Amino acid sequence: MSPLSSTWQCPSNIAIVKYWGKKGFQLPANPSVSFTLQECTTTTTLQAFQHPGRRNPEVQLYFDGEYNEPFTHRARNYFHELAATLKWLKSYDFEITTTNNFPHGAGIASSASAYGALGLCLASIEQALGLTDSENFLQRASFLARLGSGSASRSVYGGWVIWGKTLFQDKSSDKYALPLDTQQIHPLFLTLQDSIIIVSDQSKSVSSTVGHGMMQNHPYAKLRYARANEHTQKLISILQQGDWESFAHICQTEALDLHAMMMTSENPFLLLKPQTLQWIEWIKEWKIQENLKITYTLDAGPNLHILYPDTESIKVRKHIENALERSETLKVIHDRIGQGPMPLTSQTLKNG
Ligand code: PMV
């Protein structure tokens, strides 16, 4: 019998209000808000081969065309955790073929697009088996993606996305993300550009999993979670009003809060590089010189995301090009807010 198969291309996302700290099993300690990128994507094919009677599904992962042992190990753990509650998984073995179009582990959230794609593939196969209806498809994919990587729950939607229960957003949930209504978002934030300055393409020295764990007994955890809640509330209304300066302020505060948490944990660590700080200084200069609408954010890594509306693209990109010539920056990836994932193939027949 031919295997069930699904292929999705899923973008990464960048959080403005950051998720940093967990509670329970893969639930966020505070709400987070991100926008989904357009260019930085993972493409994944998931094949499910019928094999009844397994205690746990067998999983193999091929990354960039080659069998990858560390990624297989992580994917296998993910499937085994899922199989404890999703019994159908025990009747199949899985083969994952995946590729990224951006550097892995360098602060562009590769786990977000990777688990986003996997969640979508799994939800497609569940749909082919008649286990998920199309009405709840993206919510289901977000739920499944979250169990692999929290930030991935947000990548299954395009545009602006919120994950985590908060009083300030109807129907918000810790279990899955929801898109913010595009009709409610000011045009300034629907054309947002993100030039990602790659100062290092090395894997991070401390993984996000370890970083989240360090929030458990962090001296500032309570304050951090309260600030993230307050920033979520403010950001939702800023996105509606189109207030650039307040947006810029939240972006920078959240970026530096995230890295401050790393630097002030019991086992402090620092992911920023001198080049990161240099670029932050340059952005401040450009903003003052030309009164630009420009700001920045950071993920859990040294690479800087420079944010600006598309009306500023020509000026900002000229500055970036000039700065690239006088710095040791590896490269820049010009990305922007995107439409969300795309199915490349999916199984539509129900497998009886
Ligand atoms: O999704 P994880 O478990 O890799 O955590 C990533 C958290 C940050 O990327 C640092 C912030 C976020 O909200 O995306």
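Note that the structure is a prediction, hence the values are computed from the model and not measured.

**Considerations on the overall build of the chain**
Within the chain, the secondary structure is distributed over 9 helices and 14 strands. Its C-alpha atoms give the chain principal-axis dimensions of about 65 × 45 × 45 Å. Among the 352 residues that make up the chain, the fraction classed as buried is 55%. When the accessible surface of the chain is summed, it comes to about 15600 Å², and 51% of that surface belongs to carbon and sulfur atoms. Separation of charge centres in the chain, based on 31 positive and 32 negative side chains, amounts to 6 Å.

**Side note on the nonpolar core**
Residues F79, W160, F189 and F247 are the most contacted members of the largest nonpolar core, which totals 72 residues. Among the elements that take part in this core, helix α2 (residues 110-128) stands out by supplying 9 residues, more than any other. Not counting residues within four places of it along the chain, the set of residues in contact with F189 comprises W160, I238, L239, G242, D243, W244, F247 and I337. I197, I283, I306 and V316 belong to the second-largest nonpolar core, a separate cluster that totals 19 residues.

**Things to note about the packing of helix α1 (residues 69-83) against α2**
When two helices pack together, their arrangement is given by the angle between their axes and by how far apart the axes lie. Between α1 and α2, whose axes approach to 13 Å, the crossing angle comes to 45°. If you check the angle between α1 and α2, you find them oblique. Our pair here, α1 against α2, has a crossing hand that is right-handed. Between α1 and α2, the contacting residues are R74, A75, Y78, F79 and L82 on the first element and S111, Y115, L118 and L122 on the second.

**Points about α2**
An α-helix turns once every 3.6 residues. As a result, residues three or four positions apart point the same way. Given a rise of 1.5 Å per residue, 19 residues ought to cover 27 Å, and the 27 Å separating the end C-alpha atoms of α2 matches this to within 8%. Within α2, 16 of the 19 residues are buried, which leaves the element mostly enclosed by the surrounding structure.

**Concerning the site of the ligand**
Taken together, 13 residues form the shell around the ligand, and within it S149, S151, R154, H212 and D299 come nearest. Interatomic distance of 3.4 Å between a side-chain N/O atom of S111 and an oxygen atom of the ligand. Between the ligand and H212, the relevant distance is 2.9 Å, taken from an oxygen atom to a side-chain nitrogen or oxygen of the residue. Look at the ligand: alone it shows 380 Å² of surface, and the protein chains cover 94% of it. Grouping the constituent residues of the shell around the ligand by class yields 4 nonpolar, 6 polar and 3 charged.

Cut-offs and rules
- Residues numbered from 1 in each chain as written.
- Predicted model: local features only at pLDDT ≥ 70, side-chain atom pairs only at ≥ 80, totals over all residues.
- Heavy atoms only, no water.
- Helix = DSSP H or I, 4+ residues; strand = E, 2+ residues; numbered from the N terminus.
- Buried < 20%, exposed > 50% of the residue type's maximum accessible area, 1.4 Å probe, protein only.
- Areas by Shrake-Rupley, 256 points an atom, 1.4 Å probe, with all protein chains shown as cover.
- Lys, Arg positive; Asp, Glu negative; His and termini not counted.
- Charge placed at Lys NZ, Arg CZ, Asp CG, Glu CD.
- Core = buried A, V, L, I, M, F, W, Y, C linked by side-chain atoms within 4.5 Å.
- Contact = heavy atoms within 4.5 Å.
- Axes fitted to C-alpha atoms, helices over the stretch in contact; angles between N-to-C directions.
- Parallel < 35°, antiparallel > 145°, perpendicular 65-115°, else oblique.
- Left-handed = near helix turned anticlockwise from the far one by under 90°.
- Expected span 1.5 Å × (residues − 1).
- Near = heavy atom within 4 Å.
- Polar contact = N/O pair within 3.5 Å; in protein donor to acceptor, adjacent residues only side chain to side chain.
- Nonpolar A, V, L, I, M, F, W, Y, C, P; charged D, E, K, R; others polar.

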